[in-house]
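Next come the chains, spelled out residue by residue.
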2 protein chains.
Amino acid sequence: MNTTERLPNWLKKRAMLSPHRPAVEFEGKVLTFRDLDLQAEQMAAKLATQNLKRGDSCAVLIRNHKDSVIIIHALFYLGVKIVMLNTRLTAAELIWQLCDSEAKLLLSEQTFFEKINEIQSSMQELPIIEKEALASISGVEGVPILEEFDLSDTATIMYTSGTTGNPKGVIQTFGNHWWSAIGSVLNLGLTEQDSWYCAVPIFHISGLSIFMRNVIYGMKVVLVEKFNEAEANQMIIENGVTIISVVTAMLNRMLTNLGGKRYPDSFRCMLLGGGPAPKHMLLECKEKGIPVYQTYGMTETSSQIVTLSPEDSLQKIGSAGKALFPSQLRIEKDGMEAEPNQPGEIVVKGPNVTEGYLNRKEATGETIKNGWLYTGDIGYVDEEGFLFVMDRRSDLIISGGENVYPAEIEAVVGSHPSVFEVGVTGLSDEAWGQIAVAFVVGKPGHVLTEQEIIEHCLTRLASYKVPKRIIFYEELPRNASNKLLRRELRKRLED
Amino acid sequence: MNTTERLPNWLKKRAMLSPHRPAVEFEGKVLTFRDLDLQAEQMAAKLATQNLKRGDSCAVLIRNHKDSVIIIHALFYLGVKIVMLNTRLTAAELIWQLCDSEAKLLLSEQTFFEKINEIQSSMQELPIIEKEALASISGVEGVPILEEFDLSDTATIMYTSGTTGNPKGVIQTFGNHWWSAIGSVLNLGLTEQDSWYCAVPIFHISGLSIFMRNVIYGMKVVLVEKFNEAEANQMIIENGVTIISVVTAMLNRMLTNLGGKRYPDSFRCMLLGGGPAPKHMLLECKEKGIPVYQTYGMTETSSQIVTLSPEDSLQKIGSAGKALFPSQLRIEKDGMEAEPNQPGEIVVKGPNVTEGYLNRKEATGETIKNGWLYTGDIGYVDEEGFLFVMDRRSDLIISGGENVYPAEIEAVVGSHPSVFEVGVTGLSDEAWGQIAVAFVVGKPGHVLTEQEIIEHCLTRLASYKVPKRIIFYEELPRNASNKLLRRELRKRLED
C-alpha cells in the first residue's frame, strides 16, 4: 500500500502536465503553472537560507497575494509544515499560536510590522523574516525539492478556537487536502473554462483549499487581496469567472450590487459556506437564476464535507446537501443514529477529516471517535438524506465567515477590572450573518462604559471578535448549577 | 491513516447522492442510479444463495449487458472478488484461469452453454450458474451489504498472457480502480452532460473502468453488446454521447462510416487506446476536428496511465501524452533514466498500478520493482515530456484491441504433429491494427496445409489469436544461441 500513499509533488506535476495554462491571476497579471513552479523553486532556494529543515514548522502571516501562493508551494517543496496564521489576530493571539506550534520561523511581510515588532519583543528567540527581505537574498543552489508528497504527512496547521480554552491547531495532511479537492470535483465537475475566484482569506481553509484545487485540477484561480462586491460581480460578468467561494455577508453585498443584472450562463457555482444563510437571500438567488451551492465544512474537514449537488442547488433551498462522495454523515442523538427529520449532533467521517489537534491528545479523543468527527453542530437530515444545519456548535458565532467563540470573548471582557461577570452570544445580522453581543454585569461601585470595554477588547482580540454591542445587566441568567445560559441571553436579545 | 483507505460503497453512495440521474442506458432503456442499486441489491440477495462468502472469488463469463453491470456491483456488495473472464477464450483457456484463480463459482449465461458444458465436464466440482437461472431464485433476505470498500481489497482479477508461459491474474484493488478514475477525471474533466459510450468489452479493463467512472463520477454510460460503427456515430451525432473509448480498428470503421459528416461540439473525447495508431488516421481525425486523446495503459495499470490532455490532443499527434496526475513515467535504458528522445523501456508508477499477479511472486518481483512497473514496452519521451510508444512489449501483437502473445500461439501451432518449428509475429493491418502471422517449418515427409493448422488452432485458441496467415518456410531465423529472431521474421514479412 506504500504506493497509494505517495503522489508526485502537486505543483511540480501540474507544471509538467500543463505548463502553459493560466494558474493564478492577481492584480491583472497571470502566472502560468510553469511560472508558479519556477517562482516557487526560487523562493524555496531563498527560504533554504533560513535554517529550515524538512519536517520543521514555519508560521506564515501573509495576506492574499500571489507571493503568498508562491511561499506556500515553496514551503511544500522544502517539506516544511506551514502554520497558517490569521492576519486579523492580535499579537497576543499570534504569540500563543507561535508558541503552541513550535514554529521554527515566522515568515511575514512589512505591512504587518507592528504585530511583528510586538511578537519579536515577546519572542526574542524566534527568527522572523519579512518577504520583502527575501527579495535581496541569494538562494541556496541545488536545494533538494520534495519529489513526492506522502499523503499522511502534515501539510498545514490551522488554529480554531473551541468552546472552552485556547485555540487548537488542526493538523491538515496532504491527504486531507487531496481528498477534499477530489470530493469537490466529483460534485461540481471540472471544465477547461473553469476559473475560481478567491476573495476569502488563504489563511483559512476556504481560501487555501482553492489553491489546492488550483494545482490538482490545473484550474485557473483569480486571487484578490480584499473582497469587493463590485469587482467580484464584474469578474463574473465580464472576465469569465465560473466559480466563487463566498460567505453570507459577501453574497449579500454582491446581490445588492448586482441589482437587476444577471450573471452569464458560464457562471456555474456560487459556493456558499461559513454558516447560516437567510432563506430570503437564497430565494432571491433562485429568482435571479444564481446557482447557489450551500456547503457545510470546517477547518477539521479541510473545507467542504457536505455540499448541494448541481441538480439540487435550486431545489433544496436551505439545505447544505449530502456528504461528498468520499465522505459520510450521520446525525446522532443520545448515542444513536437519529431518524430522518430528528435533530441531533452532526457527525462526519472521511479521508478529508483531520487526524486531530496538534499536541492535544485529549481534545482529539473527545472530538474524533472511531474515525467519526463529532462537530458539536446541530442539524437533521430529511428523508432523502439532505442535511439541514440548525445551529452551529454550541454557542459558536459565525461573523462574516469567521468563527467567533463566546468563551474567548468572555475571558477577555471578564479580565477588565470593573467587570463582575459577562456572557456573550450571537445576534443575527443582515450584513455579517451574526455579530457578537456581550451582556455585562459591572462590579458594585464601578462606573463602566461600552467604549471602555470595547477598547479593552481591541488590544487583546482580533477586531472581528470584538463585541459589536455591549448590554449592561444586573444579573446573568444561570441554571441551577450556576452554568451561564447563553441561549437565554439570545432569547432576551431576540425579544 | 485507516480512514483514508476506506470509502463508502461506491454504487450505494452514488445512489444516495444522485438517485434520479441516468446511470446506464442499454438497448434504449435507462436505469437510474437508484434502479441500479436496487437491482444490484436484489442480485446480491440471489447470489447469496450460491455459497459465496466474503473474500471468495467468483468468475464471471458474461457479455456486455446491463445485467452484467448489475452482477458486478452485486458481487462487490457481497465482498466477493470477481475474476473477469474473456468470453472469446476457448473452454481450455477458461479452465486454466478458473483453476488458477480458485474461483468458488462460475457465473455465466445461456449464450455460452457450449463452453459451459465443456468446462463442467472437466471441472465437475465447480459450481456453475447461468444468470437466467437466477431469475427464478428467491434471494436471501437481509443479506449484509458491504458498507465501505477498503481500497486495499481486491476488487477484480483479469488475466493477461505474458511473453512466455501461462496467463497471469492481475490483481486490481478498489484503490487501483479509484485512482484510475481520479487520474482520468483530472485530465478529461467532468460535466453534467457527460455520457460515455461503452462498446469495448467489460471483461477488459477498458470497459470495466468505464463502469467504475460511472458510479464514482455519477456519469451516464451507454452500453452496447457489440460495437457497430454506424450506431456509435449516431449516438454521438444524435444522442448526446460526449466521450467514447475506442481502439484503432473501431476508430477506423467509424471514420469510414462518418464520411463527410462531422461530430457535434458536444462530443469532447475520442479516447483511443489499445495499441499503435497509424499517423494518417490521426491526421484525418485532426482535419475533421475530432478530439482524439491517445492513451497508453494496460491491465496492470487499471486502464489509462498516460493520456494526452485536452490542450495537446490536436498538437501532439502520435504521442500518448503524459502520465496522469497521480502517476509517474520514466524511460529506462541500461538501468538509467534515458535522455529525452532516447528510446528505452517504459516504466510507470502510481496508485492505479497493480500490486502484482495472483500467486506469482516471482513474476511480480520481475515486473514491479520499488513500486515501478516495468512494462517491457519501448518508447521515448520528448523534451516536453510527451511519451511516444514505439513498440509494445517484446513481440506483443495487438489485434483489434486484444493482446496476442506470439509465444502462446507458437505453443499451440507447435503442438500439431506435423509441425517441426514455428515462429509468430505481427503484421500491420489497416482494419485490425495488427494481425498474427505464423511461419511454419513442417516435419520432413509430412504434408501440411494452411487449413489444417488453422483448424488445429481454432479448437485451442480464442479466434482472435488464431494466425490470419500461415507462411511455410524451410528454416526459421535464429541467432547464435539459437533464439528465434521474431524481428527478423517481421522484417521478411515487410519486405
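Residues numbered from 1 in each chain as written. Chains lettered and ligands numbered in written order. Predicted model: local features only at pLDDT ≥ 70, side-chain atom pairs only at ≥ 80, totals over all residues. Heavy atoms only, no water.

1. Notes on the overall build of chain A
Threshold: Counting from the N terminus, the helices are the DSSP runs of H or I reaching at least four residues and the strands are the DSSP runs of E reaching at least two. This radius of gyration counts C-alpha atoms alone. The globule rule is 2.2 Å times how many residues there are, raised to the power 0.38. Think of it in three bands: residues with accessible area under 20% of the maximum for their type are buried, residues over 50% are exposed, and the middle band is partly exposed, with areas taken using a 1.4 Å probe on protein chains only. Two residues form a contact once any of their heavy atoms are found within 4.5 Å. With residues, only the protein chains shown are counted as cover, and all accessible areas are computed by Shrake-Rupley using a 1.4 Å probe. Note on charges: Lys and Arg go in the positive column, Asp and Glu in the negative column, and His and the chain ends are not counted at all. Charge placement uses NZ in Lys and CZ in Arg. For Asp and Glu, CG and CD serve respectively.
Helix and strand counts for chain A come out as 15 helices and 28 strands. Expected size for 495 residues packed as a compact globule is a radius of gyration near 23 Å; at 23 Å, chain A falls within 12% of this value. Here the C-alpha coordinates of chain A stretch approximately 65 × 55 × 50 Å along the principal axes. Burial statistics for chain A: of 495 residues in total, 63% are counted as buried. Taking contacts inside chain A between residues at least 6 apart in sequence as the whole, the part at least 24 apart equals 66%. Accessible surface, chain A as shown: approximately 19500 Å² in total, 48% of it carbon and sulfur. Charge centroids of chain A, computed over 50 positive and 62 negative side chains, lie 1 Å from each other.

2. Quick look at the sheet that holds strand β27 (residues 433-442) of chain A
Residues and elements named next belong to chain A. Let me state the cut-off plainly: In this analysis, strands are considered paired if DSSP registers two or more bridges between them. An axis is simply a line fitted to the C-alpha atoms; with a helix, the fit covers only the stretch in contact. Between two such axes, the angle follows the N-to-C directions and lies from 0 to 180 degrees.
With respect to topology, three strands assemble into an open sheet ordered β26-β27-β28, the strand pairing being mixed. Of all strands in the sheet, those with a lone pairing partner are β26 (419-429) and β28 (469-472), marking the two edges. Within this sheet the neighbouring strands show an average axis-to-axis angle of 25 degrees, counted without direction. Bridge analysis of β26 against β27 gives ten bridges, and the strand direction is antiparallel. Its bridge partner lying in β27, L427 is registered against I435. Packing of helix α13 (residues 406-414) onto the sheet brings it into contact with β26 and β27, and relative to β26 it is tilted by some 140 degrees. Running at roughly 60 degrees to β26, helix α15 (residues 486-494) makes contact with β26, β27 and β28 of the sheet.

3. Here's the deal with the pairing of strand β10 (residues 168-173) of chain B
Consecutive residues of a regular strand have side chains that alternate between opposite faces of the sheet. All names here are of chain B. Among the six residues in β10, six count as buried, and that is most of the element. Residues K168, V170 and Q172 of β10 are buried on one face, and the alternating residues G169, I171 and T173, pointing to the opposite face, are buried as well. In this sheet, β10 lies alongside strand β9 (residues 154-160) in antiparallel orientation, the contact comprising six bridges. Paired with T156 across the two strands is Q172, which belongs to β10.

4. Side note on the domain arrangement of chain A
Quite often, the size of an interface is put as the accessible area lost when its parts meet. Residues and elements named next belong to chain A. Counted only if it meets this: Domain segmentation is taken from an automatic or database assignment of domains. What gets called buried area is simply the loss in accessible area from a 1.4 Å probe that two parts show on being joined, summed for both. When a carboxyl oxygen of Asp or Glu lies within 4 Å of a side-chain nitrogen of Lys or Arg, that pair is called a salt bridge. We call two N or O atoms a polar contact when they sit within 3.5 Å, provided that within protein one can donate a hydrogen and the other can accept it, with sequence-adjacent residues counted only if both atoms are side-chain atoms.
Each domain of chain A was delimited in the assignment, giving domain 1 (2-150), domain 2 (176-391) and domain 3 (397-494). Summarising the inter-unit geometry, the C-alpha centres of domain 1 and domain 2 are found 26 Å apart. Listed as interface residues are 31 residues of domain 1 and, on the opposing side, 28 residues of domain 2. A combined buried area of about 2400 Å² lies between domain 1 and domain 2, and 62% of that area is made up of carbon and sulfur atoms. Its largest share of buried area at the contact with domain 2, domain 1 owes to W10, E25 and N64, together 31% of the area lost on that side. Taken together, the links from domain 1 to domain 2 amount to three salt bridges. Taking the shortest distance from any N to any O, the salt bridge between R63 and E225 comes out at 3.4 Å. At the surface where domain 1 touches domain 2, the tally comes to twelve residue pairs in polar contact (both at pLDDT 80 or more). Those elements giving two or more residues to the side of domain 1 that touches domain 2 turn out to be α1 (10-17), β2 (22-26), α2 (33-47), α3 (66-78) and α4 (91-101).

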